[in-house]
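Take a look at the letters that make up each chain.
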Amino acid sequence: MNLNIAVLPGDGIGPEIVDQAKKVVLAVGEKFDHKITLKYGLVGAIAINKTGVPLPIETLELCKSSDAVLFGAIGDPKYDNDPKAKVRPEQGLLAMRKELGLYANVRPVTIIPSLADKSPLKKEIVNGVDLVMIRELTGGIYFGRPQGRSEDGKTAYDSCVYSRFEVERIVRLACEIAMKRSGRITVVDKANVLATSRLWRETAMDISKEFHGLKMDFMFVDNAAMQLIQNPGRFDVIVTENMFGDILSDEASVITGSLGLLPSASVGLLTSVFEPIHGSYPQAAGKNIANPLATILSAAMMFEMAFNLKGEGKAIRVAVEKSIEAGVMTEDLKKEKPSLTSEVGDFVSNYISHKK
Ligand code: IPM
Ligand code: MN
């Protein structure tokens, strides 16, 4: 197959982890006989520095013309403590979501048994956790209008807005994913308080009728936050709106104890974006110490979801397991004699290349 991939390394550790995923993607291409074309684009703080805007039009065009986008991270601490900054790296990410119609963020959260002791929760609570968090990504309070300040500057407002159409498409996608798993799905909302949540609940109930054998339940977001800590094993597929999903997906990710291992896919109308969930980790930038596995596993999701190439995705997953088994791990997973970012990338890509 011809596979055209846009590569957006972004900020912080983005470039070095994406470099490792690139080695892996090229090894898979060689091994499985695909013609892979990688084209690079700027996004985030680095794009602001070089062009003045966080998402240059060239980058957007590049994404639109690609079969998939491999994304590193964005963010720079210099913007975080400056609430008055007019341009921010995050605007690049939000604009990309909106422009590419990336309406669903899919985050699998799986415990790797040999790493269960890294979890901040007790082993017996996290053992066997294998859930998927599906977050709506282009609606709700992130994009609702009006948003702003009153004239005297003393009042501020954001609007949470959802249309039935927006809820239908994400719930339908989530139900499809649930049907390929255990057939169970939990819709998380705040229907006891919010009008948008009541629309979500009503719409989700209607959509569930399209899926024979599906078991849908509903949970308020505050309770879900608690259940994720007390009994994460009760969840299989969770679907929720943009801001609840932002918060709960971070919560769900840390219970594995290894943020550096968690990939994500943002499924879009025009293309899909694959990225690690951990962000730009500026303290580690340029040190060759960050864990590249979340980005490498995002590349596995790319083969599986964007190209429907399951064998290729599996080859990456097996190579990642082997690197963990062999103890080739970065310092977040291994205190004594950790490997470097590039060494993990080399191990995984070499494993794929040399496996008969
Ligand atoms: C995420 C991030 C973004 C979000 C930020 C960087 C805008 O936290 O992808 O979860 O809030 O969606
Ligand atoms: Mn977030």
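To start, this report covers the structure provided alongside it. (Residues numbered from 1 in each chain as written. Chains lettered and ligands numbered in written order. Predicted model: local features only at pLDDT ≥ 70, side-chain atom pairs only at ≥ 80, totals over all residues. Heavy atoms only, no water.)

## Some remarks on the nonpolar core
Counting 61 residues, the largest nonpolar core has Val171, Ile185, Phe303, Ile316 and Val348 as the members making the most contacts within it. The residues contacting Val348, other than those within four sequence positions of it, are Val24, Leu293, Ile296, Ala319, Val320 and Ser323. (Core = buried A, V, L, I, M, F, W, Y, C linked by side-chain atoms within 4.5 Å. Buried < 20%, exposed > 50% of the residue type's maximum accessible area, 1.4 Å probe, protein only. Contact = heavy atoms within 4.5 Å.)

## Focus: the sheet that holds strand E12 (residues 273-276)
One open sheet accounts for 10 strands, arranged E2-E1-E3-E12-E11-E4-E5-E10-E8-E9; its pairing is mixed. Each of the sheet's edge strands pairs with one partner strand only, and the pair in question is strand E2 (35-40) and strand E9 (215-220). Along the sheet, successive strands turn relative to each other by an average axial angle of 25°, direction set aside. Sheet topology places strand E1 (residues 2-10) next to strand E3 (residues 68-73); five bridges connect them, and they run parallel. Its bridge partner being in E3, Gly10 is matched across the sheet by Ala73. Docked against the sheet, helix H3 (residues 57-64) engages E1, E2 and E3, running at close to 150° with respect to E1. Against the sheet, helix H5 (residues 89-100) contacts E1, E3, strand E5 (130-136) and E12, and its axis sits at roughly 150° relative to E12. (Pairing = 2+ DSSP bridges. Helix = DSSP H or I, 4+ residues; strand = E, 2+ residues; numbered from the N terminus. Axes fitted to C-alpha atoms, helices over the stretch in contact; angles between N-to-C directions.)

## Concerning the site of ligand 1
Near ligand 1, the surroundings consist of Glu90, Arg97, Arg107, Arg135, Tyr142 and Asp246. Here an oxygen atom of ligand 1 sits 2.7 Å away from a polar atom, N or O, in the side chain of Arg97. The separation between an oxygen atom of ligand 1 and a polar side-chain atom of Arg135 is 2.8 Å. Summarising the interface, the protein chains cover 73% of the accessible area of ligand 1, which totals 320 Å² for the free molecule. The class makeup of the residues in the shell around ligand 1 is one nonpolar, no polar and five charged. (Near = heavy atom within 4 Å. Polar contact = N/O pair within 3.5 Å; in protein donor to acceptor, adjacent residues only side chain to side chain. Areas by Shrake-Rupley, 256 points an atom, 1.4 Å probe, with all protein chains shown as cover. Nonpolar A, V, L, I, M, F, W, Y, C, P; charged D, E, K, R; others polar.)

## Description of the side chain of Ser253
Position of Ser253 relative to the elements: it lies in helix H10 (residues 242-254). Since its relative accessible area comes to 1%, Ser253 is described here as buried. The contacts of Ser253, once residues within four sequence positions are left out, are Val109, Leu259, Leu262 and Ile277.

## Re unusual backbone geometry
Between Arg145 and Pro146 the backbone carries a cis peptide bond, its omega angle lying at 5°. For Pro146, the position within the fold is in the loop between E5 and strand E6 (148-149). With phi around 45°, Lys337 is a residue other than glycine that occupies positive phi space.

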